[in-house]
Amino acid sequence: MGAGDLNGAAPPGLAPHEVIRLTGAGVEMLDQTLLPAREETLVCPAWPQVVEAIRRLSIRGAPAIGVAGAMGVALAAARADASDLPGLRAEVGRAAAALRSARPTAVNLAWAVDRMCAVADAHPGPGDALVAALAAAARAVHDDEVARCRAIGAHALPLMGRGARIMTICNAGALATGGYGTALGVVRSAHAADPSVRVVVPETRPLLQGSRLTAWELARDGIPHTLITDSMVAAMMAAGAVSHVVVGADRIAANGDAANKIGTYGMAVLAREHGIPVIVAAPTTTVDLSTPGGRDIPIEERAAAEVRGLSLFGRPGSADTTPVANPAFDVTPARLISAIVTEAGVHRPPYERSLRAAVEDSAAV
Ligand code: MRU
């Protein structure tokens, strides 16, 4: 059934437990490296496999790697050899340090792992009660991220108008958040209210999160979309095929500068030229008040093989000695962002004050 058949109800999307879950077998996740060809579950029986799954992008997207990190910490406690509380805490600390540094740019990972460490530090024990408390805390991180996405979708709805033609980048959908999505959450809520909504999906080189993941999610929900190459973005805007740019974020600095998938900055510059609003949809767990501006955000540099990897006509797309640059993210300055939508509502420039208030309010809950 297409979402348009749902008579205004929100389209289903992937259920949160289909994206990632903590079970007796370990941390289980839909392996995103295999999509769209195969839908297979990857089981991580212990925390080092969770670190590896985050690094190799079996699970990816800022909120989703936070959820994975939290579940990895809970798994470390559940699998720990130590029987006494100090030994258990030490094992949790070792796992937390490795999980926290599995990827550098998305602040949600550090946020979620730190939150788990705070639970471990504050817990009086005994050990089995701490194991149960960490499992509950990890599941709460997951549930809360999905709830934040739904609130973001609702807050952004008035910004979309009728007949929106939304361009996004990468995948900021259910796969990237553990359920519903940020940018794709906005798409989902807009499409549920207005079935004429269309989505333009750049493939998102080098790892094709747009063509592999976003197009797969949209097709699953029956949301009309068109796949383009990244180099078509300007031409699509010039042709009038885009009314809004809606993207996620990996880290939003205190001043509103936003790091997201490489290519977002260029898209925002082009949107400004064409008078198209750029909306960043992200939960407050993506806002890092301790990072003053975009230049302070660490940008992950990934392996050269990812850029060289594309093969055409059955042959490699480049010589394997060609020097390569592969920054996974770029920073869009706040001046190019029309609105940031968090679960607290729609933030307009200048962002600093209202982002700070939203983060402080969410921390107080
Ligand atoms: O390298 P990835 O696939 O983890 O990059 C993901 C993105 O850039 C997303 O847009 C971002 O994490 C927001 S996800 C809601």
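Look above for the structure.
Since this is a predicted model, take the numbers as computed values, not measurements. As a convention, each chain's residues are numbered from 1 in the sequence order in which they are written. Local features in a predicted model are, by the rule used here, given only for residues with pLDDT of at least 70; side-chain atom pairs are given and counted only at 80 or more, and totals for whole chains, interfaces and linings are based on all residues. Side-chain metrics rest on all non-hydrogen atoms present in the structure, leaving aside hydrogens and water.

## Focus on helix α13 (residues 352-364)
For α13, built from 13 residues, the straight-helix expectation of 18 Å at 1.5 Å per residue is met to within 8% by its first-to-last C-alpha distance of 18 Å. Listed as buried for α13 are L355, A358 and V359. Each buried residue of α13 lies within a common arc of 95° when the element is viewed along its axis, so the set occupies one face. Exposed and facing more than 90 degrees away from the buried side of α13 are R353, D361 and A364. Two residues form a contact once any of their heavy atoms are found within 4.5 Å. The secondary structure listing takes helices from DSSP runs of H or I that are at least 4 residues long and strands from runs of E that are at least 2 residues long, numbered from the N terminus. On its buried side, α13 packs onto β8 (251-253), β11 (287-288), β15 (339-342) and β16 (345-347). By definition here, a helix of n residues has an expected span of 1.5 Å times n minus one. Note on exposure labels: buried denotes an accessible area under 20% of the residue type's maximum, exposed denotes more than 50%, and partly exposed covers the range between, all computed with a 1.4 Å probe on protein chains only. Throughout, the arc means that of the directions going from the helix axis to the C-beta atoms.

## Brief notes about the site of the ligand
For each residue, the test is whether any non-hydrogen atom lies within 4 Å of the molecule or strand; if one does, the residue is near. Among the 17 residues in the neighbourhood of the ligand, the closest are listed as R60, R103, D250, N260 and K261. As used in this structure description, the phrase polar contact means that two N or O atoms lie within 3.5 Å; if the pair is within protein, one of them must be able to donate a hydrogen and the other to accept it, and residues adjacent in sequence are counted only when both atoms belong to side chains. The side chain of R103 places a nitrogen or oxygen atom 2.8 Å from an oxygen atom of the ligand. D250 places a polar side-chain atom, nitrogen or oxygen, 2.8 Å from an oxygen atom of the ligand. Here a cavity is any set of points on a 1 Å grid over the protein atoms alone where a 1.4 Å probe fits but cannot get out, and a pocket is any open set with protein on both sides within 12 Å along at least 5 of 7 lines; a residue lines the site when it has an atom within 4 Å of a point. Each molecule is assigned to a cavity or pocket provided more than half of its atoms lie within 2 Å of the corresponding grid points. Comparing atom positions with the cavity grids shows the ligand to sit within the largest cavity. When contributions to the shell around the ligand are tallied by element, the ones reaching two or more residues are α3 (62-79), α7 (174-177) and β9 (258-261). Residues are grouped as follows: Ala, Val, Leu, Ile, Met, Phe, Trp, Tyr, Cys and Pro are nonpolar; Asp, Glu, Lys and Arg are charged; all remaining types, including Gly, are polar. Here the residues of the shell around the ligand are counted per class, giving seven nonpolar, six polar and four charged. Shared between two domains, the shell around the ligand holds at least three residues of each, these being domain 1 (16-146) and domain 2 (152-364). Start and end positions for the domains come from either an automated domain assignment or a database one.

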